Structure formats: structure tokens, C-alpha cells
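# An overview of the molecular structure
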Amino acid sequence: DAGITQSPRYKITETGRQVTLMCHQTWSHSYMFWYRQDLGHGLRLIYYSAAADITDKGEVPDGYVVSRSKTENFPLTLESATRSQTSVYFCASSPDRVYGYTFGSGTRLTVV
Amino acid sequence: TQLLEQSPQFLSIQEGENLTVYCNSSSVFSSLQWYRQEPGEGPVLLVTVVTGGEVKKLKRLTFQFGDARKDSSLHITAAQPGDTGLYLCAGGSSNTGKLIFGQGTTLQVKP
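The shown structure was predicted, so the numbers you read here are calculated from the model rather than taken from an experiment.

### Brief notes about the sheet that holds strand 8 (residues 76-78) of chain A
All names here are of chain A. Taken in spatial order, the four strands of this open sheet run 1-3-8-7, and their pairing is antiparallel. The outermost strands of the open sheet, each flanked by one partner alone, are strand 1 (4-7) and strand 7 (64-66). Taking each pair of neighbouring strands and ignoring which way they run, the sheet shows an average axis angle of 15°. Where strand 1 meets strand 3 (residues 19-25), four bridges bridge the pair, whose relative direction is antiparallel.

Rendered as C-alpha cells:
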């Protein structure tokens with residue numbers, strides 16, 4: 001199916017475990033982004049990528065790792081999950097710097 | 001650090017009323033976007049404005065970009081229950097492609 005898909009949709013993990021959130025887009029968009037959404041903080045940028053093998057930090061990158069070996073995939077890894085990383089995570093893509101983003105449906109992550 | 005302030009944060013109105021949501025910053029943006037988000041889903045793009053003073057209309061929604069490209073407004077005419085949701089403004093940087101989001105305005109339209 002065309003579009004941007006995130007998996008899993010819901011995830012519960014324990015403190016200290018590594019967890020990877022997946023994001024896949026079918027448009028070959030150059031730009032991809034990871035945001036987290038929390039009550040009172042809105043959407044905050046974690047990492048972004050302008051192209052394959054090019055990534056850069058956003059506003060709240062600590063505790064997260066990204067990679068982009070292929071244009072269509074942009075996985076987000078929490079190296080050692082903490083309770084403060086409980087959040088809803090959104091992946092987005094965009095063809096260039098001006099047009100709007102297309103967001104995935106999100107992953108709701110709970111760290112216990 | 002670029003910041004976008006949205007107001008009001010919450011709005012509860014009756015069907016048929018008009019409303020305006022504001023998005024303000026001290027920073028200049030190359031583009032300003034508005035999104036609408038429903039519970040359990042990702043934000044969906046409504047409009048992108050790129051020129052200072054630009055006005056765009058989308059049915060009952062009117063979007064305006066300030067002359068100095070630091071602020072924007074969203075006006076909804078004759079609101080309907082289907083307009084209920086979270087409205088987000090986002091300022092874009094042409095250099096990085098990154099968007100900075102406002103905190104959002106939660107709109108409830110009662111029948």
C-alpha cells in the first residue's frame with residue numbers, strides 16, 4: 001500500500017530494554033522525521049534525515065539513535081528505554097523543504 | 001530557539017459559530033503550515049502558505065500568513081461538529097526543511 005506506515009502501533013517495554021520503532025514510506029521522499037508528542041509539549045523533533053545516510057539531531061535527541069541506509073526506511077531506536085520516553089511517536093516524510101509533511105499513524109510506546 | 005505560540009489552547013463552541021486560531025512567533029519562517037489531528041491518528045496537512053500576506057481558503061477555512069512571515073491565523077466560518085479536533089500550526093525553515101510546531105488548539109464544536 002502506498003503511504004507511510006509505522007510499526008508497531010502499540011508497544012509496552014521494560015525500563016532498560018532496547019526497542020526499535022519502524023517507519024516505511026513508499027514515495028521516495030527525501031526528507032524523513034521523527035517526532036514525539038506529549039501532553040503539554042506538543043510535537044517535538046527527535047531526529048531528521050535529508051537523504052539516505054544523512055541524519056541530524058532535532059530538539060530532543062538524547063537516548064535515541066536513528067539510521068537511514070535506504071531512502072524508504074527510517075527506524076528509531078531507544079538504546080535503553082526510560083519511563084520518560086513513554087510517549088506517542090510519529091514518523092513523517094516530505095519531498096522537499098517547503099511542502100508539508102505526511103505523517104504516519106503513530107506508535108504509542110509505554111515504558112514500565 | 002524558534003518558538004510558535006498558539007492561542008487559544010482550548011475552544012468549545014456551538015455549531016454555526018465562527019472562530020479564529022492564532023499562531024505567533026518572533027522568528028521569521030519560510031513557510032507556515034496548518035495541520036488537523038484526530039485522536040489516535042497523525043496530523044494531516046490542511047494548507048501551506050509561503051508568501052507574506054498570503055490568504056488561502058479551503059471551503060469554510062481561511063488561512064492567512066502575516067506580512068512579516070512571523071504569524072498566521074486560521075478562521076473557521078460556521079463551525080460544524082466535524083471540525084472538532086486538534087489544530088496545529090508549524091513554521092518551516094527553507095534551510096533545513098525542519099518544522100517547529102505550536103502547542104496546538106483543541107477545538108470542540110457542539111451540535
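Here the narrative resumes.
### Side note on the sheet that holds strand 1 (residues 5-7) of chain B
Residue and element names in this part refer to chain B. Read from one edge to the other, the open sheet built from five strands follows the order 1-3-8-7-6, with strand pairing classed as antiparallel. At either margin of the open sheet sits one strand with a lone partner, and together these are strand 1 and strand 6 (55-58). Across the sheet, the mean angle from the axis of one strand to that of its neighbour is 15°, orientation sign disregarded. With five bridges connecting them, strand 7 (residues 61-65) and strand 8 (residues 71-76) associate as antiparallel partners. By the bridge assignment, Gln64 is partnered in strand 8 with Ser73.

Basis of the calculations
- Residues numbered from 1 in each chain as written.
- Chains lettered and ligands numbered in written order.
- Predicted model: local features only at pLDDT ≥ 70, side-chain atom pairs only at ≥ 80, totals over all residues.
- Heavy atoms only, no water.
- Pairing = 2+ DSSP bridges.
- Helix = DSSP H or I, 4+ residues; strand = E, 2+ residues; numbered from the N terminus.
- Axes fitted to C-alpha atoms, helices over the stretch in contact; angles between N-to-C directions.

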